[in-house]
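Now for the letters of each chain:
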Amino acid sequence: MKDAMQEFFAEQKFIPSKKLGQNFLINEHLCTEIVAAIDQKGIDCVVEIGPGLGAISQHLVQKPWAYIGIELDKRLYSFMRKKYGQLPNVQLINQDVLRVDFRQLLKQYSQPIIVSNLPYAISSLVMLNFLKNKQINTMYVMLQKEMVERISALPKHKQYNNLSALMQYYCRIEKLFNVNANNFYPVPLIDSIVIKLTKNEHPYDFKFDKFLQLAFHAKRKTLFNNLKGTYFSAQLSLIMNELKINQLVRAEALTSEQLYLLYTKITLPNQ
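The present account deals with the structure reproduced in this document. Quantities reported herein were computed from a predicted structural model and do not represent experimental measurements.

What about the sheet that holds strand β2 (residues 45-49)?
Part 1 of the argument: Across the sheet, which stays open at both edges, the seven strands sit in the order β4-β3-β2-β5-β6-β9-β7 with mixed pairing between neighbours. Sheet topology places β4 (90-93) and β7 (171-179) at the edges, where each strand pairs with a single neighbour. Sheet twist, expressed as the average angle between the axes of neighbouring strands with direction ignored, equals 20 degrees.
Part 2 of the argument: In this sheet, strand β3 (residues 66-70) lies alongside β2 in parallel orientation, the contact comprising five bridges. Counterpart to E48 in the pairing with β3 is G69.
Part 3 of the argument: The strands that helix α4 (residues 74-84) touches are β3 and β4; relative to β4, the one it contacts most, it runs at about 165 degrees.

This is how it looks when you write it as structure tokens:
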């Protein structure tokens, strides 16, 4: 795997982009382990975001499902197209994943999933799009350790924020295994963790997302002070008292369920 990568780098005069978060997996066993961790029952399509040089893709395209690879880098896309483009179950797309219309792309599939080694810079945006998409319920993703710690952080922990609450309200977050930084080239500054995100029964509500952004806007301020500029103070005070939420508490002290209940009481009429 590493030899093929170095050959490609030499032929294309390719320098991995820090901006695009291009850190290539070089451990064959790890790639096998990632694919083995997928619960394959019922899956009819796998979308891989950023397949790169196909370290994980080479295992995914051999399975009895449709494979869609979305790669932004034109040279990596061309490499993947030459290597796997002729396979009948493979579709490759040269596009920014944040601009892909997943509703159109996946309309013929009943149980698609996402698999990805996600660059840090777009990880939160991709996870947010995952929450919004009604067709995809499961995502296997490798994230930098600090991002996993953030979305998994519990209330009162310094890392707990609006993204933590949002992800925990809509998903079950399972840590599958740790990945040392030395498994990549170039070697990143931080280790990674492979996780599985599984949506629960809660339908995504973008207004709740906005509510959480307000609630956590200034971490040193109380929840009441962060919200009172948007919601009528007297109403907010009454509702917080009704829910037995101290007006001096900060958002980081409340669970995602408590925050959602407060949100519904504020925004839904006759409650």
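Picking up where we left off.
Description of the state of the cysteines
Part 1 of the argument: One pass over the full model with this rule turns up zero disulfides.
Part 2 of the argument: Take C31: it sits in no disulfide, and the sulfur closest to it among the cysteines is that of C45, at 20 Å.
Part 3 of the argument: C45 carries a free sulfur, and the closest cysteine sulfur to it, the one in C171, is 19 Å from it.
Part 4 of the argument: Using a relative accessible area of 0% as the deciding quantity, one classes C45 as buried.

Regarding the side chain of S57
Part 1 of the argument: The topology assignment puts S57 in helix α3 (residues 57-60).
Part 2 of the argument: Since its relative accessible area comes to 0%, S57 is described here as buried.
Part 3 of the argument: With sequence-adjacent residues up to four places away left out, S57 is seen in contact with E48, P51, Y67 and M80.

A short note on the side chain of E71
Part 1 of the argument: With respect to the secondary-structure elements, E71 resides in the loop between β3 and α4.
Part 2 of the argument: Within the buried core, E71 has no salt-bridge partner, and the shortest N-O distance to an opposite charge, that of R75, equals 9.5 Å.
Part 3 of the argument: Of the polar contacts made by the side chain of E71, one reaches the backbone nitrogen of D73; its length is 3.0 Å.
Part 4 of the argument: Leave out the neighbours within four places in its chain, and E71 touches G50, P51, G52, L76, Y77, I93, N94 and Q95.

Quick notes on the pattern of salt bridges
Part 1 of the argument: For the structure shown, the criterion picks out four salt bridges.
Part 2 of the argument: When the shortest N-O distance is used, the salt bridge between R172 and E174 registers 3.3 Å.
Part 3 of the argument: A residue is classified by how much of its surface remains accessible, and E174, at 27% relative accessible area, is partly exposed.
Part 4 of the argument: Its salt-bridge partner being E252, residue K219 comes within 3.8 Å of it at the nearest N-O pair.

Rules used in this analysis
- The residue numbering used here restarts from 1 in each chain and proceeds along that chain's sequence as written.
- This being a predicted model, a pLDDT of at least 70 is required before a residue's local features are given, and a value of 80 or more before pairs of side-chain atoms are given or counted; all residues contribute to the totals for chains, interfaces and linings.
- Excluded from the side-chain calculation are hydrogens and water; included are all heavy atoms of the structure.
- At least two bridges found by DSSP between two strands are what make those strands a pair.
- Under the scheme used here, helices are H or I runs from DSSP no shorter than 4 residues and strands are E runs no shorter than 2 residues, and both carry numbers assigned from the N terminus.
- Only the stretch in contact is used when fitting a helix axis, every axis being a line fitted to C-alpha atoms; angles between N-to-C directions are given from 0 to 180 degrees.
- By definition, residues are in contact when any of their heavy atoms lie within 4.5 Å.
- Here, a disulfide means two cysteine sulfur atoms that sit within 2.5 Å of each other.
- The buried label goes to any residue with under 20% of its type's maximum accessible area, the exposed label to any with over 50%, and the partly exposed label to all in between, with areas taken from a 1.4 Å probe on protein chains only.
- For this count, His and the chain ends are skipped, Lys and Arg are scored as positive, and Asp and Glu as negative.
- For salt bridges, the criterion is a side-chain nitrogen of Lys or Arg within 4 Å of an Asp or Glu carboxyl oxygen.
- Within 3.5 Å is the distance limit for a polar contact, defined as a pair of N or O atoms, with the added protein rule that one can donate a hydrogen and the other accept it, and that residues adjacent in sequence qualify only through two side-chain atoms.

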